[in-house]
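Chain residues, written in single-letter form:
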Amino acid sequence: MDRRTLIFLASAVGALAALLIAVGLLSGGIDRALVSRANAELSHFDTAQRDLQKIQSRVDNTIQKQASLFAINGYDKLWPGQLAELKTKLDGLSKQKQSILTVLEANDAETSAELSATLDKLTSDRVAVMNDAAAIEAAMQKILQFKQQLTDNLSKMQANRNAIASSDLAGIETKVNQAIADWPNKKSDLEQRLAALRES
């Protein structure tokens, strides 16, 4: 063989080797976008575990400080129990987290569908747990807010009641008397309603 042929064959073999390496790299691992999604979900999961502990701590501390307020409806027992159940659920999701870590470590493209399904399930379950925990804390805050505004709310209710009690019924009595004149058969019903207004 002459030198030109050898150079051509050498460059063809080199190009073929580069192509095989590129194809091997592309087909040999999990898609980068899926790996990024998995890493993001693992981070969200760790954050959720910390956030749930913070919610549990805030709810427990608030219940201890305001025991009588929350004992009325049994929230002093109900909410800590529900949060403990949610923590158990979240801790149980660690199996899914471990499965994701194992698949990522293997870096096998054939497990991409399995990884995607596991990520979907973990995300859905994590979000459901955290939504339930946030709802408990929001209900607690609503009760605390109502208690803080109780004096103002009672004052407004009393002012409204006083305004109704001091209102002048003369205009209403005139209208009722006119209605009695127009519809004599409704006289007893109209008089009962007017009497009820006077009593309130």
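Source: prediction; values computed, not measured.

The rules behind the values
- Residues numbered from 1 in each chain as written.
- Predicted model: local features only at pLDDT ≥ 70, side-chain atom pairs only at ≥ 80, totals over all residues.
- Heavy atoms only, no water.
- Helix = DSSP H or I, 4+ residues; strand = E, 2+ residues; numbered from the N terminus.
- Buried < 20%, exposed > 50% of the residue type's maximum accessible area, 1.4 Å probe, protein only.
- Contact = heavy atoms within 4.5 Å.
- Areas by Shrake-Rupley, 256 points an atom, 1.4 Å probe, with all protein chains shown as cover.
- Axes fitted to C-alpha atoms, helices over the stretch in contact; angles between N-to-C directions.
- Parallel < 35°, antiparallel > 145°, perpendicular 65-115°, else oblique.
- Left-handed = near helix turned anticlockwise from the far one by under 90°.
- Nonpolar A, V, L, I, M, F, W, Y, C, P; charged D, E, K, R; others polar.
- Core = buried A, V, L, I, M, F, W, Y, C linked by side-chain atoms within 4.5 Å.
- Phe/Tyr/Trp six-rings, centres within 6.5 Å; stacked < 30°, edge-to-face > 60°.
- Patch = residues over 30% accessible without salt bridge, like charges linked within 9 Å, V, L, I, M, F, W, Y side chains within 5 Å.
- Salt bridge = Lys/Arg side-chain N within 4 Å of Asp/Glu carboxyl O.

Student: Lay out the overall build of the chain in plain terms, naming residues and giving numbers.
Tutor: Broken down by element type, the chain carries nine helices and zero strands. Written out in order from the N terminus, the α and β elements of the chain read α-α-α-α-α-α-α-α-α. The burial tally for the chain puts 23% of its 200 residues in the buried class. A fraction of 78% describes how many contacts in the chain between residues 6 or more apart in sequence connect residues 24 or more apart. By element, 56% of the accessible surface of the chain is carried by carbon and sulfur atoms, the whole surface being about 14,000 Å².

Student: Provide a residue-level description of the packing of helix α5 (residues 94–106) against helix α6 (residues 112–148), including the pertinent values.
Tutor: Their axes nearest at 10 Å, the elements α5 and α6 cross at an angle of 150°. Of the possible angle classes, the one that applies to α5 and α6 is roughly antiparallel. The two elements α5 and α6 meet at a crossing, and its hand is left-handed. In this structure, α5 contributes Q96, K97, S99, I100, V103 and L104 to the contact, and α6 contributes E114, L115, T118, L119, K121, L122 and D125. Across the contact of α5 with α6, the residue classes tally to six nonpolar, three polar and four charged.

Student: Which residues make up the nonpolar core, and what are the values?
Tutor: Core analysis: the biggest nonpolar cluster contains 28 residues, and L52, L83, I100 and L115 have the highest contact counts within it. Listing elements by their share of this core, those giving two or more residues are α2 (32–65), α4 (75–92), α5 and α6. What L52 contacts, discounting residues up to four positions off in sequence, is L83, L86, K87, L90, V129, M130 and A133.

Student: Explain the packing of aromatic side chains to me, using residue names and the numbers behind them.
Tutor: For the structure shown, the criterion picks out two aromatic pairs. Plain terms: the ring middles of Y75 and W79 are 4.2 Å apart, the flat faces sit at 5° to each other, and that makes the pair stacked. Residue Y75 and its partner W79 are both found in helix α4; the two are separated by four residues, about one turn of the helix. The exposure class of W79 is buried, given its relative accessible area of 5%. By the ring-pair criterion, three or more aromatic residues cluster together here, those being F70, Y75 and W79.

Student: Go over a nonpolar patch on the surface with me, naming the residues and quoting the values.
Tutor: Together, F146, L150, L154 and M157 make up an exposed nonpolar region whose accessible area comes to about 410 Å². If you tally residues by element for the nonpolar patch, the top one is helix α7 (residues 150–165), at three residues. By the secondary structure assignment, F146 is in helix α6.

Student: Give a description of the pattern of salt bridges that names residues and reports values.
Tutor: As enumerated under the stated definition, the model contains nine salt bridges in all. We note a salt bridge from E41 to R126, for which the minimum N-O separation is 2.7 Å. With E41 in helix α2 and R126 in helix α6, the pair connects residues that are 85 residues apart, well separated along the chain. By the burial criterion, E41 is buried, and R126 matches it. The closest approach of N and O atoms between K187 and E191, which form a salt bridge, is 4.0 Å. Remark: E191 and K187 occur in helix α9 (residues 187–199); sequence separation between them is four residues, near one turn of the helix.

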